[in-house]
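In case you want the letters, here they are:
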Amino acid sequence: MVCAHRYITGDLNSMHSGLGLCYSLDNELRWDEQYEPCKGRPNERAHEQFGVCQAGTSLALLQDGTALIGSPGPYTWRGTMFVQTIVGSYLDRDRSVYLGPLEDTSEPIDKYSYLGMSVTGGKFFNKTYNTYAAGAPRSNHHGQVFFFNKLTSDRPMNIVLIIDGEQFGSSFGYEILCADLNNDGYDDLVVGAPFYFSKDKGGAIYIYYNLRSCQTNNNCKHESVYGSLESRYGFSMTVLGDINKDGYTDIAVGAPYEGGGSIYIYLGGKDGLNLKPSQKLKAVPDVIRTFGYSLSGGLDMDNNGYPDLLVGSYSEDMVLLYKTRPIIDIQITIKSNELKHINTSKFGCESDPHSNSTCFSFQSCFSISSAEGNTDKLNVSVKSKIIAELFDTNKQFSRVWFRENNTADLYHSYVEHWHPEKCQNETVYVFDGIRDILSPIKFQVTYELIGNTTGSPILNQSSVKVFEASFQKDCGDDDICQSNLILAATLPQLTVSENELFVLNLGEIEEIILQVNVSNFGESAYEAELYITHSNSLSYIALDKGGGIECTARTSMVNCS
């Protein structure tokens, strides 16, 4: 459907009326029907009635075959919305034209409100029938959005809710769109206020998820996103459909005066819209201006299974088509029977049995899948990266190194061709004399696509997998050491008082002996340490019987391990 909202009727001998009109077209873009909802309505008082109707300033086509035609001009630019069924047999369908209330008073809609600058409809309050919404960006000086329900054909539609903008002159309602962003079965509303301003912001959008709770404007909860200064963020918006095939509806928001123009892509999810844009499209500097002035999404123009985006740039008399690229996922699998119970006293491994170092091996495998199910025609190259331990910012040294490149932390490989599953064999060596065998060795595997050509697939997200190799610790089947340490300490030279305190008479002895016994009645306790604190008037001398134990003195503390 296309509209000419500035279409003028009349001749040289009569008054010209800017009624506007719309045409419906079939799938071959052939003319079907003509719609002039303001034709035949009173216009003797010109703009004070329907003389400057401007029908078709905004337009929305709903799934049930209903056309919503915005008309901001009637009754001194109070504005209204026309609702008409355009699909189905002419004799069988509802041929009534419904419109919003128009009265020559300040209530419910005042002069110069421009209601109808934007229109949409959806199941905001009920899952079985549609409610219609229209933006009035100059209403009450800050802008409002009106919600209507149809009554009978001879009565104006009923206003069921009005929500207000937050700032004077922000043009709240200049653009609106309807989409179920969180898949709860009810449609959500996104409202643009492109002239919102502050010290460092320009333009805003407001997302309303639960309009059913909006009995009054005061409790209409919403989320807000703001654009950059003077960008007119929210000037245009469109529903994209599901561009990343996660089952949720995504949207695009235009900021046509952010430089040469920008478009922000937002993804829907179970908690609603992710307010951090997943992508930002920008105009070519000094080549295109007002990029994103108008947007239209949701149609798959190249039949690749993904909806595409049309972008208007009125300053350049240009329309640009952005074709959504296929999205693929990479599944990572690690295969090995040597990642557990690594014995540091045993040299060699399956892949290198004669090695003079402890080693182990594994296979890093990946497979590619597409939401469309067909990966045969995908031409992709994949880069893999494996990091041992050092991806953890708390680690400064790695306890292992790779055979392929003799480095302790990193290994790269490039795969130019892949099959249903592609695997790479890796051998890892353990440095001699490591003390820490309690904590596992963690690896991070990352797969990325090589190249970025037109039409080539992209990753849904970076494919990352973290896995670990653990040492032999005699800690049971769960490989978790649950020790049970019992400590007993005494001062054998001293007597014990009635209140169980050791008694030291000054001058009797020059050296105090502390006897400590630590017993373990559980699984192995690796890297156990003993800490002893003492008075500053005492000094540590030595350990009497070490048995492999070393003690270090630090001021008023002794540490034994």
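What you see is a predicted model; the values in this text were computed from it and never measured.

Colleague: It is not clear to me how the state of the cysteines should be interpreted in this structure. Could you clarify?
Modeller: As used in these notes, a disulfide is a covalent bond between sulfur atoms, one from each of two cysteines. Under the counting rule described, the total for this entry stands at six disulfides. A disulfide bridge connects cysteine 38 with cysteine 53, and the sulfur atoms are separated by 1.6 Å. Taken as a pair, cysteine 38 in the loop between β3 (31–35) and β4 (58–61) and cysteine 53 in the loop between β3 and β4 lie far apart in primary sequence, 15 residues in all. Each member of the pair, cysteine 38 as well as cysteine 53, carries the same accessibility label: buried. Here cysteine 551 engages in a disulfide with cysteine 560; their sulfurs sit 2.0 Å apart. On the S-S bond that ties cysteine 551 to cysteine 560, the torsion sits near 110 degrees, and the link is right-handed. For cysteine 560, a relative accessible area of 10% corresponds to the buried category. In this model cysteine 178 remains outside any disulfide bridge; the closest cysteine sulfur is found in cysteine 214, 14 Å from its own.

Colleague: Where do I start with the pairing of strand β25 (residues 381–388) in this structure?
Modeller: Looking along a regular strand, one sees the side chains alternate between the two faces of the sheet. Counting buried residues in β25 gives six out of eight residues, a clear majority hidden from the surface. When β25 meets strand β29 (residues 441–450), the two strands line up antiparallel, connected through eight bridges. Bridging from a neighbouring strand, valine 382 pairs with leucine 449 of β29.

Colleague: Explanation requested: the nonpolar core in the structure shown.
Modeller: The tendency in soluble globular proteins is for nonpolar side chains to be buried side by side. Core analysis: the biggest nonpolar cluster contains 27 residues, and Ile330, Phe360, Phe362, Val400 and Phe443 have the highest contact counts within it. For this core, the secondary-structure elements that each account for two or more residues are β23 (327–335), β24 (359–370), β25, β26 (400–402), β28 (422–430), β29 and β31 (463–469). Counting 19 residues, the second largest nonpolar core, distinct from the first, contains Phe124, Phe147, Ile176 and Cys214.

Colleague: Explain unusual backbone geometry to me, please; I cannot follow it from the model alone.
Modeller: Note: most residues except glycine have negative phi, and most peptide bonds are trans. Geometrically, the link from glutamate 107 to proline 108 is a cis peptide bond, its omega value of 0 degrees lying close to zero. For proline 108, the location among the structural elements is in the loop between β7 (98–99) and β8 (118–122). In this structure, asparagine 140 takes a positive phi of about 55 degrees despite not being glycine. Of note, asparagine 140 is situated in the loop between β9 (131–136) and β10 (144–149).

Colleague: How do you make sense of the sheet that holds strand β11 (residues 158–164) when you look at a structure like this?
Modeller: Strand pairing in a sheet takes place through backbone hydrogen bonds and is either antiparallel or parallel in direction. The four strands are arranged β8-β9-β10-β11 in an open sheet whose pairing can be described as antiparallel. At either end of the open sheet lies a strand with only one pairing partner, and these are β8 and β11. When the angles between neighbouring strand axes are averaged without regard to direction, this sheet yields 20 degrees. Two strands pair when backbone bridges link them, and β9 and β10 are joined in this way by five bridges, in the antiparallel orientation. Along β10, the bridge assignment pairs tyrosine 132 with phenylalanine 148.

Colleague: Teacher, can you tell me more about the sheet that holds strand β2 (residues 21–25) here?
Modeller: Judged by pairing direction, the sheet is antiparallel, and its three strands sit side by side in the order β1-β2-β3 without closing on themselves. On the outer flanks of this sheet lie β1 (2–4) and β3, each paired with one strand and no other. Averaged over neighbouring strand pairs, the angle between their axes works out to 20 degrees when direction is ignored. Relative to β2, β1 runs antiparallel, the two being bridged by three bridges. Within the sheet, the bridge partner assigned to valine 2 lies in β2 and is tyrosine 23.

Colleague: Would you explain the UniProt feature "repeat: FG-GAP" (unreviewed entry) in the protein in this entry?
Modeller: Mapped onto the present numbering, the UniProt feature "repeat: FG-GAP" (unreviewed entry) falls at residues 158–217, 219–275 and 279–339. Overall, residues 219–275 shows 0% helix and 40% strand. The separation of its end C-alpha atoms is 21 Å. In the segment residues 279–339, helix accounts for 0% and strand for 49%; the C-alpha atoms at its two ends are 39 Å apart.

Colleague: Could you clarify how one ought to interpret the pairing of strand β13 (residues 188–197) in this entry?
Modeller: In terms of burial, β13 is largely enclosed, as eight of its ten residues are buried. Inspection of the sheet shows strand β12 (residues 175–179) paired to β13 by five bridges, in the antiparallel sense. Across the sheet, the residue bridging to cysteine 178 is leucine 189, located in β13. Looking at chain direction, β13 and strand β14 (residues 201–208) are connected through six bridges and run antiparallel. Residue phenylalanine 197 lies in a different strand from β14, and its bridge partner there is glycine 202.

Rules and cut-offs
- Numbers given for residues are sequential positions, taken from 1 along each chain in its written order.
- Residues qualify for local features only when their pLDDT is at least 70, as the model is predicted, and side-chain atom pairs are given and counted only at 80 or more; totals for whole chains, interfaces and linings, by contrast, use all residues.
- For the side-chain quantities, the full set of heavy atoms in the structure was used; hydrogens and water were omitted.
- Only a pair of cysteine sulfur atoms within 2.5 Å qualifies as a disulfide here.
- Here a helix means four or more residues in a row that DSSP labels H or I, a strand means two or more in a row labelled E, and each is numbered from the N terminus.
- To sort residues, take the accessible area from a 1.4 Å probe on protein chains only and compare it with the maximum for the residue type: under 20% means buried, over 50% means exposed, and anything in between is partly exposed.
- The pairing criterion for strands is at least two bridges between them, as found by DSSP.
- Among buried residues, the Ala, Val, Leu, Ile, Met, Phe, Trp, Tyr and Cys ones that are joined through side-chain atoms within 4.5 Å form a nonpolar core.
- Angles run from 0 to 180 degrees between N-to-C directions of axes, and those axes are lines fitted to C-alpha atoms, restricted for helices to the stretch in contact.
- UniProt positions are given in the numbering used here, feature names are shortened, and annotations may be inferred rather than shown by experiment.

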